[in-house]
Each structure stands twice: as C-alpha cells, then as structure tokens.
Amino acid sequence: MSSDTRRRKAAKIRHLLETEGESVHENTTHFNEERYDAVEEFDDYEAVRAEARAIKEDAIERLPELVETLRDSVEENGGTLYIADDAADANAYIGDVVDEAGGDTVVKSKSMTTEEIEVNEALEANDVDVWETDLGEFVLQVADEAPSHLVGPSLHRTTDDVADLFNRYFDPDEPFETAEQLTEFARDYLGDRIRAADVGMTGANFVLADSGTITLVTNEGNARKCAVTPDTHIAVTGVEKILPSLSDLGPFIELIARSATGQDISQYVSLFSPPTNSPTLDFEDPEAPAFETDGDRSFHLVLIDNGRLAMREDEQLRETLYCIRCGACANSCANFQHVGGHAFGGETYTGGIATGWETGVNGIESADEFNDLCTGCSRCVTACPVKIDIPWINTVVRDRLNHDHDSSEFDFLVEGLTPDEEPARLDLQKRAFGNFETMAKVGSKTAPVSNWILDSSPIRDGMDRLMGIDQRRELPSFRRESLVDWFAARGGNKVRSTDRTAVLYPDVYTNYVLVERGKAAVNVLESLGVEVIIPDVPGSGRAPLSQGMIDTAESKAKQVTDRLRRYIDAGADIVVIEPSDLAMFRRDYEKLLPARAFDMLSENSYEVLEYVFGLLENGAEADALSNADSRLAYHSHCQQRTLGLDAYTEAVFERLGYDVITSDVECCGMAGSFGYKSEYYELSMDVGSTLGDQFSDATDRTIVASGTSCSEQLTDLLSSDVKHPVEILAPDGR
Amino acid sequence: MATNVVAAFESSLGTLDVPCMSTTPDGFIEALTEYIELPAVGVPLGIEGISLEETDATLSPSSQQLVDAKTGITPAALGVAAHGSLLLQSSPTGTEPVSLYPPRHVAVVREGDIVPDVRDALEWLDGEFTDGRRSAVFATGVSATGDMGALVEGVHGPADVRVIIVEDR
C-alpha cells in the first residue's frame, strides 16, 4: 500500500468517525449490551448454539439434495423454484415474473440478498417502480445510500438526520421532527404503495426443504404485508438458507433475535408455504369484498448461487455459509462500533463475516478494502450463534490477499533478508509487523543504540513513508538484557520442587521489551513454591498470523511445539504471560498444527493468573503474595475474555483483598500492530477513548492490564504507568 | 402444570404491555366488547361455545372496511407462554390480513392451547404441516421499529394487541 493510499484511507475513516461514528456507536453498543443480557438469561445458549451449528453443517453438506427436495415441495404447493447462477440471471428471471404479472410497482421487504444482486436498479431500468417498505431501507432508498449494517441498514443515521432528509425530499407542510412523526409518515406513504402494488418481494431467513416454507423474521410487519397483499410474491434468498425441515427451525428462532438485537424473539416470525391459503386482497374497488377467496396467488422462490456453491467447495470459506446474518459479529467488534459498515464493509456486506461473504460473492478485491479492520481480537467468536471462526476467515483472506498483491518496488530490498515464509510481493507494512520478533532480537542486541536510532526523526519519517508506521506512536524500547538472558545470569531456578515445574514462556514482548513483568512472574511463581524454567523459545507466530502470514505462523507453531514438547513430556506446565500468545496455543494452533500436537500444548498451557488462581485453590499460601492496600483499575484482554480467563485475575485480586474496578469494553483499539498503522491510528485512538473514559475517574487507582497492546494504549490514553497483574502481586513489588 | 403455563403466558403478555383477560365462553361477548374499538372486522373463531356472529364485528369485509377498521379480531391457534407469542395460522377467511392491517389486534385463544415454549409450538405445527396447513406467524407484542432513530411502536402492523383467553369447560 502506498503512503497516498494510506492517507486516503485515514481521511475516509476520519470523515466517517465525524459523521456517522456517534450514531453507529450508540446503536451497535446498545444491540451488543442487549445481546449479552439475553444470552445470560438463556440457560441453554451453548447447547442451542451447538445444535444450530450441527444443523447448518449438515444442511450445507447435503445442499444439492436439499435443493431437489425443496423444488418438489415448492412445486407441490403450487409455486416455482428458480436457481439463479448469478445476479444477472436472477434479475432477468425476476424481471420476467414482474413483466408477466403486468407489474408496474414492486414493494419489497428488507433483504441483503436483493442488495447483493441490485435488483432494484435492474427493475427500475425497465420502468418498474420499486419501494423499500422496511423503514430503514426506505431511508436509504430516499438518501441513495448503501446499508451500513446487516440488521439495522440505516443505523448510522440519527432522527435529526432522517428528519432533514425527509423534509428536503418530501417537503411536508409541517416539517418532521420526531421519530413518531417520521414513522407515521413512512407507514402511511408505504401503506398506499403496498396496497397498490402488483408484486411483493421478500427475502427469507430460512427455507424449509421438505415443506417449501420460507421463514421471515421481522419487527415491523412489512414483510407480512408484502408477502400476502399483492397476488404475486417473489422470495429471493441465498441457496445456503435451506434447512431440511420444520423440526430444524427451533434453535434458529431461539438464537436469531437474541443474537441480533437481544430480543427473546422477534415481533413476527412468519412461516409461509406459498402460495398461502390467505385470501388475495383487492383494494382497487372500495366496495368489493377485500378477500377474494377464488383469487389466484402466484409464488416464485429465487435462490441465488452467485458464488455460494464455490464457497461450499472452499474448505476455508465454507463456514461463511452457516451465517444467519444476525450482525452480532459487527455489534461485538470494537472497530465496527466506532466506524460502522461504510468503512467496515465491501460492496454489499458489513462487519466481521463480510470478509467471507464479499470474497465469495463479490470477489476478494471487495474484501481487500476493509479486511485489515479485523484485528483478530476474537470477541465475535463467542458472539456468533453458529460458532463461525470469523477471525480465522479474515486471516485466511488476508493471507490470500498477501499472495495476490502486485509486486512492490521494494522487493529487491526484502527478498532474502527476511526470515519468513511469505512471497516477496508482501506489503512492507505487513512484513515489518509480521517479523517483529526479528526486529526485537536485533533491537535488543544493539540496545540502547537501536532505540536511539528508531526514535530519530529521519528514521521515523522513513518508517512512516515506507511502512505506514504512525509517528504519533511511541515505539517499544528494547532491553539489552532479555528475560531469558537475565534468568540464565541469575543461575536459573531458585526454587526446586518435585511437585510443580512451570515453563514460563518468554513471549517476544516480555523477553525483549517488558522484561520487568517477566521477572515479576518468576517472583510470583517461585513465591508460591513453583520451580520455574525459562528456556529460549521462539515467538508464537501471533505477529505474522495477525498480518495474514499463515505459512510463517505455521512454521513458528511447529518450532514452539518442538521446543516445548520435552518439558511437557517431563510433566511441566506451560505458563504464558501475554494473552494473545496463550490464545495462539489454545485456539489458533488448532488450525496450524496436527491435532495431537495442538492438544498437547493447549491442554498444558495456562495464562499466568489462571495458574496462580489454580495454585491458590490447591493450597498455596496467598500470604506469600503482595496484598498491599492499593486500589486498582483493571482492563482484561480481548482474547483473554474470549477464552473466559478474565475471571481468574479478578478472583485472585479479590482473594487478596484488592479494591478493583474493571472495564467492560470489547477491545482497547490497539490490537497489536493495528494502532501503529498510520491509516488506522485515529480509529485506534477513537476506539481507545471508550476505554479511556471508563477509567477517567480512576486517577487515584493503579492501572492494570494483562495485554501488551492494552498497556501501550492505556499508557497513551491516560499518560499513566500501566502494570501487569503479576507486577502487582510480586512480593517485593517487582 | 397447566395453570402454571397460563400464568406464565399472562406474565409474558404483561412484560410486553399486552392487556389480557380470561373469560368463560358465557362471558366472551362482554370481554370482547371491552377490548374492541369500532369499527371492527373479524374472522370466524372456530372455538366451541363462542362466536362473532352476534357482535358488531364485520366478517368478510369490503376493502374499505378492512382499511377503516380500528380493530381486527382473530383466533390464535396457540399461545406461547415463554414469550407471550400468538401463533396465527393463515386461513382462507383472512386471519393474516385481519390480524395485520387494523391498528388494534384482539386475539382469542383457548386456555388449553397455551404451550410452554416455541419448541412445543413447532412440534404442534409439525402435525399441521403434515395436514397441509403450512403457513402461520408467531406474533409477539406490537409491531415496532427503531429505524427512525428511536423506538416507535405501530409501524406496518398493529400498535395495540390484546388477548382474550377462553377458559376450558
């Protein structure tokens, strides 16, 4: 990426932060909080997620067979099924159906799939009037904008925005001011159009193969009206929406509204097996009976392939097809919460899962625009009702983009010099961050000179220009004596124990930059009677993985496992300070290593405070740790939260009598390299401001964070020293 | 058990701000009179012992009557206790439009047709599907939208929903 491209990207993000950020933030965080509450009250949540996941896996596996079952059912009901290869095919078919119905007017309910094929434009080109009847979509139709969210397409707009828009566009006698006035106007305006329409078009959230049923999940009631008022009903949806039968629908009804908006169930969950036996409605003659029981209904189900069947064959993209379009991945994403779908989205789809959808249906170049906005924080992993590993899809697509990019003019500088497994044409910025371990090693060997050089303005200028490393960020300061060297120099372990040996994993940051927290961890563990070893072990591969450098990460994963195997075989536990590295061992390595190697490492690795908690539970003396009467403000780490480990740190603090307040934001906004990148610096700081605000009243407390990135971000935000929990607990304060 | 389910249903309706009352078949007309605003349209209830014949509700309305109606009266095949949902089965007599177009919907459900949760309702519906009645809507509370920047009730569907539970003999 050139520095011009970076500047353009930064400017676009800045503009969206200023214009849409506030409304997007309010609405997505509201949905997200409601989702947390709904899930907490839903006892069977995990079991139902597993059930839904299994049904989708099976349905996609059996898709060709289900399509044929569905065809029979729809035809038996008296409707027609059409499978469209692509957008043009779908639009041609829909155009013919509308034409045959003598249709001048089509009314639609909300459907992302019809956004994908741009059916409105296709119909309008044939002089058909098309009306969006979902109020959010109607706002966008008037504004001529694209949806910014899968569920709330216009949630980037406030009431005032919409009032201004409608006042200009419709020029009412009395200007609109309130949401009630706008809603009433839109309802009446669209009500007239629904009653006069020739064709109603809906999407379908789920399609049941053995009964020919479409399921529509809505809150307004417009989809019901569009489906039953006009004589002709066209339902357009993706071919992946098919479930075998009604008996499979339960978990999805239980999950979709909870995941989307935190409602237990949506206002209307319609199951229509059209043509339905509802009478057709005739509003043309006011005196005539409204219900024409002998009227003819016609129904067309248009299933769109448009790349989906190829996604089904693509091992990495396949699980995108399990998506039920609830938007939880967007609502739980810190970057999305701040900038919204007009930055975090491609041609059609928005949010974390959009990378999968865009790559599959619109092409990988559409995903290129926004893929980097996924920081891999993994908060969406627990939010997804069908357990899609969304960060992994983002990583895979990033890796494919790395291999796709045009050769850089600096290839000659790079090739042969870097220790990674990636192609020469890899973006320099990604290469730099992905190989942070190499930089740290060299930096440490030559510190403090390396730090002076890195801090000098000509070098920072060059780093900004060539690699997009923002000059407003302070670079990590490398330590001459690494943790591994310090440990060897002190003569290794000070405690000998026959019961418990821990290998303290020297992650790259702890080893070369934040050495104090490593020493504190040794101190804490030894105070609790644990024999500690710190061997020289390579980086976990987190840095390259975050840049989409999967081959490099895989090679690191193998090296780490090979190095640690002998200790695990000898009965040692692996203790990890940095949560993002533990997440590699416990989550990401599953994708990078053979199952047995992954199981071995994941089952024997612990986050350091999780380990301390276990030691205390098993009788270690809490008195051995520092319980100085200090007040703390603690920020857990996004990946630590996904793994459910934040509670251990809080429990240990509580046990030792600390007075602690905790943050509840999804992510600090730094996310490893993300906050260093000049195109994302402002977004990173904007995301961080939410965290900063939570601790703004905590100036009298010691700020504590588990992750390196979080510490850096909090240091920048609060201009305050930030400590790791082990530094608080270490008996002599270090 | 059955009483608990009815109580749960009533409690869920309460959370949704949906008024509800229980009545014997004999008290039905009186209960209905309290809940409807005229003009009203309705569909045959198909519930033994009660009927809309002697009420002011218009069955088989003209299109103008449907548009002008202040209340629509329909049966609900089931009530779902967990959420206060009403299962409205599509019918040739117009349950779908009558429950949808007028600003107030009054649903009539037999006490014995209240089930604990959505899974139970789907199980019952499975039998209906087998018998060819394959269209129905779970309607929960009033229609609503947040699309104009704040929550507004009463969009394309009713802004006012009321439930009459008819006690079993």
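For the structure itself, look to the data block above.
Every residue gets a number counted from 1 within its own chain, in the order that chain's sequence is written. Chains carry letters and ligands carry numbers; both start at the beginning, A for chains and 1 for ligands, and go up in the order they are written. Only residues with pLDDT of at least 70 are given local features in this predicted model, and only at 80 or more are side-chain atom pairs given and counted; all residues enter the totals for whole chains, interfaces and linings. Side-chain numbers here rest on the full set of heavy atoms in the structure, without hydrogens or water.

**Student:** Where do I start with the overall build of chain A in this structure?
**Tutor:** A tally of helices and strands in chain A yields 37 helices and 20 strands. Atoms considered for the radius of gyration are the C-alpha atoms alone. The globule rule reads 2.2 Å times the number of residues to the power 0.38. At 28 Å, chain A has a C-alpha radius of gyration in line with the 27 Å of a compact globule built from 734 residues. Taken over 734 residues, chain A has a buried fraction of 63%. For accessible areas, the Shrake-Rupley method is used with a probe of radius 1.4 Å. Any residue's cover is judged against the shown protein chains and nothing else. Surface summary for chain A: the accessible area is close to 27500 Å², and the carbon and sulfur share equals 44%. Counting rule for charge: Lys and Arg are taken as positive, Asp and Glu as negative, and neither His nor the chain ends is counted. Charged groups are reduced to one reference atom each: NZ for lysine, CZ for arginine, CG for aspartic acid, CD for glutamic acid. Here chain A holds 66 positive side-chain charges and 137 negative ones, and the gap between their average locations is 10 Å. In this text, helices come from DSSP runs of H or I with a minimum length of four residues, and strands from runs of E with a minimum of two, each type numbered from the N-terminal end. Summary of the burial criterion: residues with accessible area below 20% of their type's maximum are buried, those above 50% are exposed, and those between are partly exposed, where the area comes from a 1.4 Å probe applied to protein chains only.

**Student:** Please clarify how the packing of aromatic side chains should be interpreted in this entry.
**Tutor:** One pair of aromatic rings is described through two measures. These are the centre distance and the angle between the planes. All names here are of chain A. Here a pair means two rings of Phe, Tyr or Trp (six-membered ring of Trp) with centres within 6.5 Å. Their orientation is stacked below 30 degrees between planes, edge-to-face above 60, and tilted elsewhere. A full pass over the atoms with the stated rule returns 29 aromatic pairs over all chains. Seen in terms of ring centroids, Phe176 and Phe185 are 4.8 Å apart; in terms of plane orientation they differ by 45°. Their pairing is tilted. Pairing Phe436 with Phe478 gives two aromatic rings, centres 6.1 Å apart and planes at 35°, and the pair type is tilted. Of the two residues, Phe436 sits in helix H22 (residues 436-445) while Phe478 sits in the loop between helix H24 (457-467) and helix H25 (483-489), which places them 42 residues apart along the sequence. According to the relative accessible area criterion, Phe436 is buried, its value standing at 12%. By relative accessible area, Phe478 is classed as buried at 4%. Put simply, the rings of Trp131, Phe138, Phe166, Tyr169, Phe170, Phe176, Phe185 and Tyr189 touch in pairs and so form one group of aromatic residues.

**Student:** Which parts of the structure should I look at to understand the interface of chain B and chain A?
**Tutor:** One widely used convention gives an interface's size as the accessible area the parts lose upon coming together. Listed as interface residues are 48 residues of chain B and, on the opposing side, 66 residues of chain A. Once two parts are put together, the accessible area they lose, assessed with a 1.4 Å probe and summed over both, is termed the buried area. Carbon and sulfur atoms supply 59% of the area buried between chain B and chain A, which totals about 4600 Å² over both sides. Salt bridge, as used here, is a side-chain nitrogen of Lys or Arg placed within 4 Å of a carboxyl oxygen of Asp or Glu. Summed over the shared surface of chain B and chain A, the number is three salt bridges. A salt bridge links B:Arg119 to A:Glu51; its shortest N-O distance comes to 3.0 Å. Here a polar contact is recorded for every N or O atom pair within 3.5 Å, except that within protein the pair must consist of a potential hydrogen donor and a potential acceptor, and residues adjacent in sequence are included only if both atoms are side-chain atoms. Across the contact surface, chain B and chain A share 30 residue pairs in polar contact (both at pLDDT 80 or more). Throughout, a residue-residue contact means that at least one pair of heavy atoms, one from each residue, lies within 4.5 Å.

**Student:** Would you explain the sheet that holds strand E5 (residues 206-208) of chain A in this entry?
**Tutor:** Adjacent strands of a sheet form backbone hydrogen bonds with each other and so pair up, either parallel or antiparallel. By this definition, two strands are paired if DSSP reports at least two bridges between them. The mixed open sheet is built from eight strands, whose spatial order is E8(A)-E5(A)-E6(A)-E9(A)-E9(B)-E6(B)-E5(B)-E8(B). Single-partner strands in this sheet number two, and they are strand E8 (242-243) of chain A together with strand E8 (114-115) of chain B. Sheet topology places strand E5 (residues 78-80) of chain B next to E8(B); two bridges connect them, and they run parallel. Of the residues in E8(B), the one forming a bridge with B:Val80 is B:Val115. The sheet contacts of helix H5 (residues 118-130) of chain B involve E5, strand E6 (213-218) and strand E9 (268-272) of chain A together with E5, strand E6 (85-89), E8 and strand E9 (136-140) of chain B, and relative to E6(B) the element is tilted by about 10°. Orientation is described by axes fitted as lines to C-alpha atoms, over the contacting stretch for helices, and by angles from 0 to 180 degrees between their N-to-C directions.

**Student:** For this particular structure, what's the right way to read the side chain of A:Thr215?
**Tutor:** Tracing the backbone through its elements, the reader meets A:Thr215 in strand E6. By relative accessible area, which is 0% here, A:Thr215 ends up buried.

**Student:** Is there a simple way to explain the side chain of A:Glu132 in this structure?
**Tutor:** Residue and element names in this part refer to chain A. Checked against the element boundaries, Glu132 lands in strand E3 (residues 129-132). Classification of Glu132 by relative accessible area gives buried; the value is 3%. In this structure the side chain of Glu132 is engaged in a polar contact, spanning 2.9 Å, whose partner is the side chain of Asn120. Ignoring sequence-local partners within four residues, the contact set of Glu132 consists of Lys108, Ser109, Asn120, Glu137, Phe138, Gln141 and Leu190.

**Student:** Can you help me understand the environment of A:Ala197 in this one?
**Tutor:** Residue and element names in this part refer to chain A. Position of Ala197 relative to the elements: it lies in the loop between helix H10 (179-196) and strand E4 (199-202). The exposure class of Ala197 is buried, given its relative accessible area of 11%. For Ala197 and Asp588, which are 391 residues apart along the polypeptide, the C-alpha to C-alpha distance reads 52 Å. Dropping the residues within four chain positions of it, Ala197 is found in contact with Thr105, Val107 and Pro230.

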